[in-house]
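Report on the structure
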Amino acid sequence: MPSHLFADRPAQPPEPGSVDALISQTRRLRGDVDAVRRDTVVDDDDAQGRWQRALCDLAVHHLDDLREHLGQLKEGLPPAPEPVDFPQPAPETVPEAQTRVGSAEWNLLTDEVIWSDELFQIFGRSPESGALPLDELGSTLFSEDQPLLTAWVTACLVDGRPIDGEFRIVRADGRVRTLHMRGEPVLDSDGCAASMWAVLRDVSELRRSQRAVRESRDSLQRRREIAQTEHRLAVELQEAVLPPWRGSLRFPHSDAGSLDVAAHYLPSATSALIGGDWYDALELPDGSSMLTVGDLTGHGVTATSGMAMMLGALRGMAMAGIEPGPLMGWLNQLLEASVQPALGSAVCCRYDPARRTLSWAQAGHPAPLLFRRGTGRTLTPPEGVLLGATTGASYGQAEEHLQTGDLLVLHTDGLTPRSIEFSRTDGTERLLAMAPRLSAARSAQDCVRLVVEEFGDGEREDDACVLVARVGG
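Counting restarts for each chain: residues are numbered from 1 in the order of the written sequence. Totals for whole chains, interfaces and linings use all residues, but because this is a predicted model, local features are given only for residues with pLDDT of at least 70 and pairs of side-chain atoms are given and counted only at 80 or more. Each side-chain value is worked out from all heavy atoms of the structure, with water and hydrogens disregarded.

A word on the confidence of the model for the protein
- Within the protein, residue pLDDT values average 83, and 83% of them lie at 70 or more.
- Here residues 1–14 scores under 50 on pLDDT; set against residues more than four positions off or in separate chains, the count is 27 contacts.
- Scored between 0 and 100, pLDDT is the confidence that the predictor attaches to each residue. Here, residues are in contact when the closest pair of their heavy atoms is within 4.5 Å. Here residues 77–98 is a poorly scored stretch, pLDDT under 50, and it has 36 contacts once near neighbours within four places are set aside; other chains count.

Quick notes on the packing of helix 6 (residues 204–241) against helix 7 (residues 301–319)
- Between N-to-C directions, angles cover 0 to 180 degrees, with each direction set by a line fitted to C-alpha atoms, over the stretch in contact for helices. Secondary structure elements follow DSSP: runs of H or I no shorter than four residues count as helices, runs of E no shorter than two count as strands, and numbering proceeds from the N terminus. One can describe the packing of helix 6 onto helix 7 by two numbers: an axis separation of 9 Å at closest approach and a directional angle of 10°. It follows that helix 6 is roughly parallel to helix 7 by the angle criterion. Where helix 6 crosses over helix 7, the handedness of that crossing is left-handed. Contacts between helix 6 and helix 7 involve E230, L233, A234, L237, Q238 and V241 from the former and V301, T304, S305, M307, A308, L311 and R315 from the latter.
- When its residues are assigned to classes, the contact of helix 6 with helix 7 shows eight nonpolar, three polar and two charged. Orientation labels follow simple angle bins: below 35 degrees gives roughly parallel, above 145 gives roughly antiparallel, 65 to 115 gives roughly perpendicular, and whatever is left gives oblique. What makes a crossing left-handed is the near helix being turned counterclockwise from the far one by less than a right angle; a clockwise turn instead makes it right-handed. When residue character is reported, Ala, Val, Leu, Ile, Met, Phe, Trp, Tyr, Cys and Pro are called nonpolar, Asp, Glu, Lys and Arg charged, and the others, Gly included, polar.

Examining the nonpolar core
- Among buried residues, those of type Ala, Val, Leu, Ile, Met, Phe, Trp, Tyr and Cys that are joined through side-chain atoms within 4.5 Å constitute a nonpolar core. Here the term buried applies to any residue with accessible area under 20% of the maximum for its type, exposed to any over 50%, and partly exposed to those in between, with areas from a 1.4 Å probe on protein chains only. Ranked by size, the top nonpolar core spans 51 residues in total, and within it V261, W278, Y279, L291, M328, L387 and L467 carry the most contacts.
- Tallying contributions element by element places helix 7 first for this core, with six residues.
- Core analysis: the next-biggest nonpolar cluster, separate from the first, contains 22 residues, L431, A435, V448 and V468 among them.

Remarks on the packing of aromatic side chains
- The rule is short: rings of Phe, Tyr and Trp, with Trp giving its six-membered ring, pair when the centres are within 6.5 Å, and they are stacked under 30 degrees, edge-to-face over 60, tilted in between. Evaluation of the coordinates by the stated rule reveals three aromatic pairs.
- Between W152 and F167 the ring centres are 6.5 Å apart and the planes differ by 40°, which places this aromatic pair in the tilted class. Within this pair, whereas W152 is found in helix 5 (residues 146–159), its partner F167 is found in strand 4 (residues 163–170), the two being separated by 15 residues in sequence.
- Residue classification places F167 among the buried residues on the basis of a relative accessible area of 2%.

Here we look at unusual backbone geometry
- Here R356, not a glycine, exhibits a phi torsion of approximately 55°, which is positive.
- Phi angles above zero are rare outside glycine, and R373 is one such case at about 50°.
- Structurally, R373 is set in the loop between strand 13 (369–372) and strand 14 (375–378).
- By relative accessible area, R373 is classed as exposed at 69%.

Here we look at the side chain of S345
- By secondary structure assignment, the location of S345 is in strand 11 (residues 344–352).
- Engagement of the side chain of S345 in a polar contact is seen with the side chain of H365, the distance being 3.0 Å.
- Apart from the residues lying within four places of it in its own chain, the contact partners of S345 are W278, G294, D295, A363, G364, H365 and L386. Polar contacts, as counted here, are pairs of nitrogen or oxygen atoms within 3.5 Å of one another; within protein the pair requires one atom able to donate a hydrogen and one able to accept it, and residues that are adjacent in sequence qualify only if both atoms are side-chain atoms.

Some details on helix 8 (residues 324–337)
- The terminal C-alpha atoms of helix 8 lie 20 Å apart, and with 14 residues this matches the ideal 20 Å at 1.5 Å per residue to within 8%.
- Every buried residue belonging to helix 8 is among P324, G325, L327, M328, G329, L331, N332 and L335, and all of these are buried.
- Buried residues along helix 8 sit against strand 10 (289–296), helix 7, strand 11 and strand 12 (357–363). Given a helix with a known number of residues, its expected span is that number minus one, times 1.5 Å.

Details of the sheet that holds strand 9 (residues 278–283)
- Spatial ordering of the open sheet is given by 9-10-11-12-15, a layout of five strands whose pairing is antiparallel. Pairing within the sheet leaves two strands with one partner each, and these edge strands are strand 9 and strand 15 (398–401). Going across the sheet, the axis of each strand differs from the next one's by a mean of 15°, ignoring polarity.
- Contacting strand 9, strand 10 and strand 11, helix 7 crosses the sheet at an angle of about 20° to strand 9. The pairing criterion for strands is at least two bridges between them, as found by DSSP.

Structural notes on the sheet that holds strand 8 (residues 259–266)
- Spatial ordering of the open sheet is given by 7-8-17-16-13-14, a layout of six strands whose pairing is antiparallel. Because the sheet does not close on itself, it has two edges, and the strands there are strand 7 (248–251) and strand 14. Between one strand and the next, the sheet's axes are offset by a mean angle of 20°, whatever the strand orientation.
- Bridge count for strand 16 (residues 407–411) against strand 17 (residues 464–471) is five bridges, and the pairing is antiparallel. Residue pairing in the sheet places L410 in a bridge with L467 of strand 17.
- The strands touched by helix 11 (residues 444–455) within the sheet are strand 7, strand 8, strand 16 and strand 17, with strand 8 carrying the most contacts at an inclination of about 30°.

Some thoughts on the pattern of salt bridges
- We count a salt bridge whenever a side-chain nitrogen from Lys or Arg sits within 4 Å of a carboxyl oxygen from Asp or Glu. The full count for this structure, using the stated rule, is 20 salt bridges.
- As a salt-bridge pair, E323 and R350 come within 3.9 Å of each other at their nearest N and O atoms. Taken as a pair, E323 in the loop between helix 7 and helix 8 and R350 in strand 11 lie far apart in primary sequence, 27 residues in all.
- Through salt bridges with shared partners, a single network forms among R177, D202, E205 and R208.

This is the structure in structure tokens:
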């Protein structure tokens, strides 16, 4: 908007040629942004998607306004306030966007009021009803906005200050619109205000888009903060529950047939969320050893708290001497009675060093792998469905006689990525193919390191645990 205009010095219209290219570029850019907006799929729970869609909406509104302003610039300002012919918007522009900008002049000497056709449409008034004089314009405003307009108009006409502000109006049809007003006095040859000229812009949709951007951004930020807090709590809970030992364990410490045990937790390669995977090895009061790995569905604090409950119950029942088969049945009942419904898979082994026998049971879990003298095989699993899948499920128990140097590998199914091209069976075959390298390893910890090197860099969608136990002489 020009600075204080004198009534005898009309503004010169701009050169239209240089503006045409800008209008064309704006129209093409608007189409590109609108295409991106249409392609943005937003779910109810996708805060980031809603934020991106709101940004696209805001960009579209800005480009529509820019195109209309360039159209005005191309037409130029008339020497006397007359209705302005704005360029026709593109076909994809909705009717509400066709009347965003209007102009007005209030002549203080003759009391003549001139409104553009667009301004009548913005206010929802028919031209037959006439334009509103300045002292009646405030009647259309919200009551709390009326003092603002009065102060702006007074400062403009008395002190020559330009008007640049927003207010809300209530149209005759009851619709509320937000208008941005820019106005200046037009001075006569004596420097007195002869009239006031103003451009009013309907910014309702623009403000709505800006508000949507702020709200979606704030919602996304809150979700990120919540996710960070939950992740920290899940990590702390997991660290508190999983065995504190690192490296290898050996138990019992003196008897022949003792186990050399090592384990490792592998986080997901594609998700920051902590899952419900666990591993544990425990020496029992009768001299036998308990080995277990398992997984609960879900991620975050809910999964890790459920894992803590299951692992605590498993440790307690193993210490009480309950065999793996019945133990799985009790875990199934515990999961059914828990507040948070979930499914779980697990394998639980009890090793007797005196007899060198392995008693084990499973609940919908990959069976242990047994490596002996450079070859490997999958142990035949006893009957067992997923934990929490059915009421009163019974779980079978199998036994395997182990020999000195035998190697057991227990793992959760997140260790190997599963897709159309890569199944759980393929992952088991990869583990069995490692038999020569695992047999040549000097300790259980070296075996774990080999497994992590083989599978640690894969694009796993879930976290995983691996536990290795070698039978000593």
